[in-house]
Amino acid sequence: GQQLNQSPQSMFIQEGEDVSMNCTSSSIFNTWLWYKQEPGEGPVLLIALYKAGELTSNGRLTAQFGITRKDSFLNISASIPSDVGIYFCAGRAFFGNEKLTFGTGTRLTIIP
Amino acid sequence: GAVVSQHPSRVICKSGTSVKIECRSLDFQATTMFWYRQFPKKSLMLMATSNEGSKATYEQGVEKDKFLINHASLTLSTLTVTSAHPEDSSFYICSANEGSYTEAFFGQGTRLTVV
């Protein structure tokens, strides 16, 4: 099935550093969602974006819906050990279809 | 956020047997639920869309007779892996939307191991 291009694939950072990851698509999306998944668990929703240009924060997390509707980024500021996990973007292509397309994931590892 | 509960979290079964996985929306009604499969270190791949009161819609390449989906109520969808084989071993995850075109909430996932 279709997948979004997510980068980077993995990140190794020091505690306290900021993190940035993004997703791009060749087609337009009307909704962007960012999830975090820990081993053996289902994804947990972090941020939902519904409008082009929208910038939304959730604590230390900030995400933006790209103006072109073909991309989104997620930033994590001042990383802490519990930020470790795999982050996925997900997009909904058009109204009338509830299906989500998932990014390839970014694995975040924090070095103490 | 809304709560989606998936059961069991882990199951081990013998080849040739069938396994049923339940997905429940605990505090909201979901006319549509989704079933995903995830391989180790890979992303989520949509298997099918479960529609309350009607037949599920399967993604290309997913065997309908192998993965039976029933969505008999607004809070429960089930996925039955029939005649399971070792290659069916995987992490299966369901999701449900609290409202139309809103964020999707995921269950905890089910680790299926077929021996």
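This text goes with the structure placed above it.
Everything in this summary refers to the structure shown in the same document.

On inspection of all chains with the given rule, the structure shows 8 aromatic pairs over all chains. Between the aromatic rings of Tyr35(A) and Phe102(A), the centroid separation amounts to 6.0 Å while the plane-to-plane angle is 40 degrees, which identifies the pairing as tilted. Linking Tyr35(A) in strand E4 (residues 31–37) with Phe102(A) in strand E10 (residues 101–102), this pair joins segments that are 67 residues apart in sequence. Note on Phe102(A) and Tyr36(B): the rings are 5.5 Å apart at their centroids and 85 degrees apart in plane angle, and the pair reads as edge-to-face. One end of the pair, Phe102(A), is in strand E10; the other, Tyr36(B), is in strand E4 (residues 32–38), on a second chain. Judged on exposure class, the residue Phe102(A) and its partner Tyr36(B) are both buried. Among the aromatic residues, ring-to-ring pairing joins Tyr35(A), Phe88(A), Phe102(A), Tyr36(B) and Phe106(B) into one connected group.

To continue, consider the nonpolar core. Counting residues in hydrophobic clusters, the biggest one holds 26 residues, and the most contacted among them are Val4(B), Trp35(B), Phe67(B), Ile69(B), Leu79(B), Tyr92(B) and Leu112(B). Only strand E2 (10–13), strand E3 (19–25), E4, strand E5 (44–51), strand E7 (67–73), strand E8 (76–81), strand E9 (90–97) and strand E11 (110–114) of chain B provide two or more residues apiece to this core. Contact partners of Leu112(B), with chain neighbours within four places excluded, come to Val11(B), Cys13(B), Val19(B), Val81(B), Asp88(B), Ser89(B), Ser90(B) and Tyr92(B). The next biggest cluster of nonpolar side chains, apart from the first, holds 21 residues, and it includes Met11(A), Ile47(A), Cys89(A) and Ile110(A).

Residue and element names in this part refer to chain A. Alternating positions in strand E8 (residues 71–76) separate cleanly, Ser72, Leu74 and Ile76 being buried on one face and Asp71, Phe73 and Asn75 remaining unburied on the opposite face. Strand direction decides the pairing type here: strand E3 (residues 19–24) and E8, joined by 6 bridges, are antiparallel. Bridge pairing links Ser20 to Asn75 in E8. Sheet analysis places strand E7 (residues 61–65) next to E8, joined by 5 bridges and oriented antiparallel.

Parameters and conventions
- Sequence positions are assigned chain by chain, starting from 1 and proceeding in written order.
- Chains carry letters and ligands carry numbers; both start at the beginning, A for chains and 1 for ligands, and go up in the order they are written.
- Under the rules for a predicted model, residues below a pLDDT of 70 receive no local features and side-chain atom pairs below 80 are neither given nor counted, while totals for whole chains, interfaces and linings still include all residues.
- Heavy atoms from the whole structure form the basis of all side-chain values; hydrogens and water molecules are not counted.
- Aromatic contacts are taken between Phe, Tyr and Trp rings whose centres are within 6.5 Å, Trp giving its six-membered ring; a plane angle under 30 degrees counts as stacked, one over 60 as edge-to-face, and the others as tilted.
- Helix and strand definitions here come from DSSP, where helices need a minimum of 4 consecutive H or I residues and strands a minimum of 2 consecutive E residues; each element is numbered from the N-terminal end.
- For every residue, the accessible area obtained with a 1.4 Å probe (protein chains only) is divided by the maximum for its type, and the residue is called buried under 20%, exposed over 50%, and partly exposed between those limits.
- Here, nonpolar core means buried Ala, Val, Leu, Ile, Met, Phe, Trp, Tyr and Cys residues that are tied together by side-chain atoms lying within 4.5 Å of each other.
- Any two residues whose heavy atoms approach within 4.5 Å at even a single point are treated as in contact.
- We treat two strands as partners when DSSP finds at least two bridges between them.

On their own, these measurements won't tell you what the molecule is for.
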